[in-house]
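Structural features, examined
One-letter residues, chain by chain:
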Amino acid sequence: MNKEEIKNRIEELRKELNDHNYNYYVLSMPVISDFEFDRKLKELQELEKANPEFFDSSSPSQRVGSDINKAFKQVAHVYPMLSLSNTYSYEEVADFYQRVTKTLNEPFELICELKYDGTSISLTYEDGKLLRAVTRGDGEKGDDVTANVKTIRSIPLQLRGTDYPALFEMRGEILMPWEVFDDINRERELNEEPLFANPRNAASGTLKLQNPAVVASRKLDAYLYYMLGETLPSDSHIENLHKAAEWGFKISPAMQKCSTLEEVYAFLNKWDIDRKNLPVATDGVVIKVDSISQQQQLGYTAKSPRWAIAYKFQAEQAETRLNSVSFQVGRTGAVTPVANLDPVQLSGTVVKRASLHNEDIINSLDLHIGDMVYVEKGGEIIPKITGVNVAARLLLGEKVRFIQCCPECNTKLVRYEGEAAYYCPNDSSCPPQIKGRLEHFFGRNAMNIAGGTATVDLLYENGFIANVADLYAFDTKLLSRMPRWGEKSANNLKKSIEDSKQAPFENLLFALGIRFVGKTVAKKLAVAFKTMDALMTANKEELIGVDEIGDRIADSILSYFADEKNREIVERLREYGLQFSVVEEEPEARVSDILEGKNIVISGKFSKHSRDDYKKIIEQYGGTNTSSISSKTSLILAGENMGPSKLEKAKALGIEIMNEDQFLSLIGQL
Ligand code: IVH
């Protein structure tokens with residue numbers, strides 16, 4: 001190809017990839033497979049790399065994110081980012097309606113739309129290209145998070161069409177979908193990292209990360225809800241948003257023009273229920289005057305517009321008594337405060353315990369034992385205490401304070417800079433940390449040794465083992481003489497420990513319990529370094545060079561292997577014959593061709609086989625397991641709790657969905 005042809009090909013690929021991003025992330029209607037998409041993206045990346053003169057910061061290749069680590073620049077907002085005044089009752093909504101009627105003294109229309117519960121963003125577009133993305137900050141100025149925002153696929157880098165203003169701003173909400181939130185928290189739980197309390201915190205935390213590559217992996221989404229500029233297409237807010245949709249922005253599908261208060265109430269009633277089926281969190285409805293000139297007539301107070309209000313949905317809440325606070329020490333030494341409550345019914349379950357997260361939250365609540373507290377479960381996993389009913393305080397109980405010393409080993413706790421959690425630093429002899437590490441080592445995703453908490457407690461407390469290496473050397477004959485243990489159970493454990501020597505290298509890496517090295521990170525490390533020796537001798541640059549490994553993880557790995565005690569344990573594990581390198585897997589042996597040519601997506605939870613088993617079964621029967629739904633998907637094997645957005649997409653594409661039994665009967669296993 002000559003330069004002219006290369007330039008044309010680059011432009012063609014950019015246009016195609018922009019269209020596919022739009023089809024996939026905005027319309028949820030992909031027309032090519034993920035594989036095909038990746039192939040085109042790769043071609044573009046290679047052409048751009050070889051021909052740097054055609055670089056364009058709006059190219060779809062720029063969404064992957066680089067590893068450059070720089071603090072955010074502060075940028076002043078052209079139009080201040082105000083908040084909305086909140087209302088909680090229909091009366092207050094009626095008051096708003098009356099105020100608007102009186103001030104305008106002419107007919108007007110309202111737009112009702114959902115209030116998305118994420119983090120707000122201001123996007124500036126110049127000549128159709130995303131120029132800058134800035135957080136709300138203090139309303140006057142915010143952080144320039146453009147590099148991170150570019151990784152969000154539903155935000156256009158280059159607008160479609162030609163009739164957009166030369167310079168304008170779009171405001172909207174960046175969100176973490178429930179499905180992604182749940183996945184990330186599951187992973188964090190596995191790694192004993194603090195959980196995100198809700199998708200809002202997760203989204204704003206993610207947007208502030210210094211590593212856009214990690215941001216890209218967190219799969220954020222965005223809905224845009226307001227256009228600002230000197231020359232807008234229309235005087236109607238909703239028409240401007242419809243235009244924005246034509247240019248490629250994702251706007252809410254739930255927007256409705258209302259002319260009367262009754263229509264507004266009907267919208268509130270409907271969405272208070274229907275919002276529970278949405279893929280993202282919402283916490284209310286925003287009611288806006290549609291006409292921009294009427295908006296200007298109504299004007300602003302110091303804090304919020306007079307032309308709009310937010311109606312907030314009632315969070316599901318209960319009131320109960322705080323009996324005590326306990327402090328739990330986890331495998332990593334992190335100390336978690338837990339509130340013990342009088343049992344209370346809350347949206348369908350009985351709640352007895354609630355998370356208090358950290359010291360700052362305890363202090364801000366000014367909690368006292370015996371207080372009547374409000375517990376909420378806003379869709380989050382763990383119920384949380386959101387306030388104290390001070391009026392119901394008869395006797396002032398003891399003030400709840402975060403402990404200073406480890407409740408298990410009495411070592412003074414430490415709080416690392418920039419972290420909210422306290423840790424017990426005595427990792428080598430604090431019993432719950434040792435037992436936690438042992439239990440983690442036994443785990444199904446780790447060495448898969450048959451035995452739970454009770455086995456670990458017995459082995460540890462009776463001095464059979466003090467660390468994971470001891471497992472491979474202790475005398476099982478002595479164990480068989482322990483109460484309630486016979487020769488048979490001791491032998492079973494011995495066999496299971498023996499079998500664990502064959503667990504893959506990546507499982508062993510995860511099992512070691514290095515801080516921040518979860519299942520996914522362990523796998524990435526295993527693929528990148530292939531052997532324990534290579535990993536142990538890797539320097540920081542080499543570690544950070546691995547996809548998704550940042551400063552924090554790299555430092556943790558370095559400090560793990562720098563510790564003499566850890567190296568000694570690792571060397572003993574090598575002597576006992578554990579897997580210290582990656583074994584290339586043989587493809588699954590063919591059983592039948594019944595699934596030949598079928599791309600199958602697995603989603604949800606199953607009861608007859610595990611997900612991993614189903615992946616193998618699909619290969620054995622000639623099919624291909626793919627991770628995301630596209631027009632190339634032939635079939636979805638759906639277990640329980642298949643995600644609502646997946647279901648919607650599958651239905652839109654007309655893809656066949658089978659449950660576990662239907663699938664097993666298709667391949668003749670039922
Ligand atoms: S309009 C001048 N529309 O709610 C105010 N805001 O409390 C323009 N929000 O900071 C905001 N959904 O982050 C608007 N459909 C929606 C919204 C929405 C969520 C957030 C936004 C804003 C906050 C106001």
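Moving on to the sheet that holds strand E19 (residues 599-603). Working definition: the strands of a sheet are paired by backbone hydrogen bonds and lie parallel or antiparallel to each other. Read across the open sheet, the four strands follow the order E20-E19-E21-E22; overall the sheet is parallel. Each having just a single partner strand, strand E20 (624-626) and strand E22 (656-658) make up the two edges of the open sheet. Neighbour-to-neighbour, the strand axes of this sheet turn through a mean angle of 35°, independent of strand direction. Bridge count for E19 against strand E21 (residues 635-638) is four bridges, and the pairing is parallel. Each residue of the ladder has a partner; that of Val601, found in E21, is Ile636. Sheet contacts for helix H22 (residues 611-620): E19, E20 and E21; angle to E19, the most-contacted strand, approximately 170°.

One can describe the packing of helix H1 (residues 3-26) onto helix H2 (residues 34-50) by two numbers: an axis separation of 10 Å at closest approach and a directional angle of 145°. Classified by chirality, the crossing of H2 by H1 is left-handed. Along its contact with H1, which presents Ile6, Arg9, Ile10, Leu13, Arg14, Glu16, Leu17, His20, Asn21 and Tyr24, the element H2 presents Asp34, Phe37, Lys40, Leu41, Glu43, Leu44, Leu47 and Glu48. Here the residues of the contact of H1 with H2 are counted per class, giving nine nonpolar, two polar and seven charged.

Okay, empty space enclosed by the protein next. One pass over the structure, following the stated rule, counts three cavities of 30 Å³ or more. Taken as a whole, the largest cavity holds about 100 Å³ of empty space. Looking at the lining of the largest cavity, its residues break down into five nonpolar, five polar and three charged. Estimates place the volume of the second largest cavity at around 60 Å³. As for the second largest cavity, its lining consists of Val75, Ala76, His77, Val78, Ser122, Thr124, Arg132, Val134 and Glu169. Sorting the residues of the lining of the second largest cavity by element identifies strand E1 (74-76), strand E4 (119-126) and strand E5 (129-135) as the ones contributing at least two each. Tallied by class, the residues present in the lining of the second largest cavity amount to four nonpolar, three polar and two charged.

Moving on, we come to unusual backbone geometry. A positive phi is found at Asp127, a non-glycine position, where the angle reads about 45°. A relative accessible area of 53% means that Asp127 is categorised as exposed. Unlike most non-glycine residues, Asp366 shows phi in positive territory, near 50°. Examined against the element boundaries, Asp366 turns out to sit in the loop between helix H11 (359-365) and strand E15 (372-376).

Moving on, we get to the packing of helix H20 (residues 551-562) against helix H21 (residues 564-575). Where H20 contacts H21, the axes come no closer than 5 Å and their chain directions differ by 80°. As judged from the angle between their axes, H20 and H21 are roughly perpendicular. Side by side, H20 and H21 meet where Tyr560, Phe561 and Ala562 of the first sit next to Glu564, Asn566, Arg567 and Val570 of the second. Considered class by class, the residues forming the contact of H20 with H21 number four nonpolar, one polar and two charged.

Rules of the game
Residues numbered from 1 in each chain as written. Predicted model: local features only at pLDDT ≥ 70, side-chain atom pairs only at ≥ 80, totals over all residues. Heavy atoms only, no water. Pairing = 2+ DSSP bridges. Helix = DSSP H or I, 4+ residues; strand = E, 2+ residues; numbered from the N terminus. Axes fitted to C-alpha atoms, helices over the stretch in contact; angles between N-to-C directions. Contact = heavy atoms within 4.5 Å. Left-handed = near helix turned anticlockwise from the far one by under 90°. Nonpolar A, V, L, I, M, F, W, Y, C, P; charged D, E, K, R; others polar. 1 Å grid on protein atoms, 1.4 Å probe; cavity = no way out; pocket = protein on both sides within 12 Å on 5 of 7 lines; lining within 4 Å. Points joined across faces, edges and corners; volume = space filled by probe spheres on them. Buried < 20%, exposed > 50% of the residue type's maximum accessible area, 1.4 Å probe, protein only. Parallel < 35°, antiparallel > 145°, perpendicular 65-115°, else oblique.

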